[in-house]
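Spelled out from the first residue to the last, the chains are:
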Amino acid sequence: MARIDYNRVAADYARGRGLTEDGLAAWRAALQPHLDQLDLPVVDIGSGTGQFAALFPRWFGVEVVGVEPSEEMRAEAIAHTRDRRVTYLGAEAEHLPLADGSCGAAWLSTVIHHIPNLEAAAREVRRVVVPGGPVLIRSAFPGRTDRITLFQFFPEAAGVVETFPSIDQVERDFGAAGFRLEEFEPVPQVSAGSLIEFRERVALRADTTLRAMPDDAFAAGLARLDGAISGGQESGPVVDYLDLVVLR
Ligand SMILES: C[S@@+](CC[C@H](N)C(=O)[O-])C[C@H]1O[C@@H](n2cnc3c(N)ncnc32)[C@H](O)[C@@H]1O
């Protein structure tokens, strides 16, 4: 069970959480060494509205299978994906409807905190990803939220991240399934073109951490953002650092 009902968020997700062109370019560069020209498809677990799945064929010349339990998120993904090399399946990470060794890599973007049994999911990933194939995890992690703008304005939301799986837990759970942590690196992504644009996106509240906090704390955070905007703070792009964890 996800922490929020994605069927209700689906319509606003792309506007509220979609990355800018520059933000996507940063992830393209970070993923290139791991995904370029794989012979087998990439499984995108918790593929959501397909913001990455739809681009991977063009970026890396690969096929993609998106696995996504929310019917509404899947519908958005199907509506916005033009590439025939991408297919979407309705399922959860703990029960992947894929054959053993049928994928060249696994991609999990801002999803591990929704998976109730990460160890079971790791076992499934081990089963479907061919030996030697990478598992690539994009996430905010406990203790590593300093360079995420949202949390400067909504400190309560940073508290929610402290309940997410840590890098140590990922290493343990995927380690138990037979993977080894290879590296992790913060990736600087442009999340919005300006603080004003950032405020418009945040107001949609299409984010687990914002949905989990009380309404009055959310309103107080928006007021802090308004204060920063009217005070002329930082009119340039909003850059955030999420981590890329690589296991193999
Ligand atoms: C924050 S969204 C991320 C979507 C996409 N990966 C992205 O980066 O834009 C999290 C997604 O994980 C999905 N999800 C929730 N629980 C899941 C599970 N147990 N297995 C796979 N996906 C899950 C949700 O339905 C939602 O679409």
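Only a predicted model underlies this, so the values are computations on that prediction, with no experimental measurement involved. (Residues numbered from 1 in each chain as written. Predicted model: local features only at pLDDT ≥ 70, side-chain atom pairs only at ≥ 80, totals over all residues. Heavy atoms only, no water.)

This model, assessed by the stated rule, comprises 10 salt bridges. Two residues, Arg85 and Asp83, come together in a salt bridge whose shortest N-O distance is 3.0 Å. Judged by its relative accessible area of 37%, Arg85 is partly exposed. Here Asp83 falls in the partly exposed class, since its relative accessible area comes to 21%. In this structure, Arg127 and Glu124 form a salt bridge, with 2.7 Å as the shortest nitrogen-oxygen distance. Linking Arg127 with Glu124, this pair stays in helix α5 (residues 118–128), spanning 3 residues, or about one helical turn. Taken together, the shared-partner salt bridges connect Asp100, Glu124 and Arg127 into one network. (Salt bridge = Lys/Arg side-chain N within 4 Å of Asp/Glu carboxyl O. Buried < 20%, exposed > 50% of the residue type's maximum accessible area, 1.4 Å probe, protein only. Helix = DSSP H or I, 4+ residues; strand = E, 2+ residues; numbered from the N terminus.)

Bringing helix α2 (residues 21–35) into the picture now. Of all the bends in α2, the greatest reaches close to 30 degrees and is centred on Ala29; the proline Pro33 follows between one and four positions later. Those residues of α2 that are buried are in contact with β1 (42–45), α3 (56–60), β4 (105–109), β5 (135–139), β6 (181–192) and β7 (238–247). (Bend = angle between axes of the 7 residues up to and from the residue. Contact = heavy atoms within 4.5 Å.)

Let us now look at the environment of Asp22. Assignment of secondary structure puts Asp22 in helix α2. Each C-alpha atom of the pair Asp22 and Gln189 lies 7.0 Å from the other, and the pair is 167 residues apart in sequence.

Counting along an α-helix, one turn takes 3.6 residues, and residues three or four places apart therefore face a common direction. With 16 residues, helix α11 (residues 215–230) extends 23 Å between its outermost C-alpha atoms, agreeing within 8% with the 22 Å of an ideal straight helix rising 1.5 Å per residue. Those residues of α11 that sit buried are Ala217, Phe218, Gly221, Leu222, Leu225 and Ala228. Taken down its axis, α11 places every buried residue within 140 degrees of arc, on the same side. Residues of α11 that are exposed and point more than 90 degrees away from the buried face comprise Asp215, Asp216 and Ser230. Buried residues in α11 make contact with α6 (149–153), α7 (155–161), α9 (195–202) and α10 (208–212). (Expected span 1.5 Å × (residues − 1). Arc of directions from axis to C-beta.)

On to the packing of helix α1 (residues 6–17) against helix α4 (residues 71–80), then. The description of two helices packed together rests on the angle between their axes and the distance between the axes. One can describe the packing of α1 onto α4 by two numbers: an axis separation of 7 Å at closest approach and a directional angle of 25 degrees. With respect to α4, the element α1 is oriented roughly parallel. Judged by residue contacts, Tyr6, Asn7, Ala10, Ala11 and Tyr13 of α1 engage Glu71, Glu72, Met73 and Glu76 from α4. For the contact of α1 with α4, the residue count by class is 5 nonpolar, 1 polar and 3 charged. (Axes fitted to C-alpha atoms, helices over the stretch in contact; angles between N-to-C directions. Parallel < 35°, antiparallel > 145°, perpendicular 65-115°, else oblique. Nonpolar A, V, L, I, M, F, W, Y, C, P; charged D, E, K, R; others polar.)

A separate point is the site of the ligand. Taken together, 22 residues lie around the ligand, and Tyr6, Gly46, Glu68, Ala93 and Ser109 are the ones closest in. Residue Glu68 places a side-chain N or O atom 2.6 Å away from an oxygen atom belonging to the ligand. With the chains in place, 98% of the 600 Å² that the ligand exposes on its own is no longer accessible. No other element matches the 3 residues that α1 contributes to the shell around the ligand. When grouped by side-chain class, the residues that make up the shell around the ligand number 9 nonpolar, 8 polar and 5 charged. (Near = heavy atom within 4 Å. Polar contact = N/O pair within 3.5 Å; in protein donor to acceptor, adjacent residues only side chain to side chain. Areas by Shrake-Rupley, 256 points an atom, 1.4 Å probe, with all protein chains shown as cover.)

These figures capture arrangement, not role.
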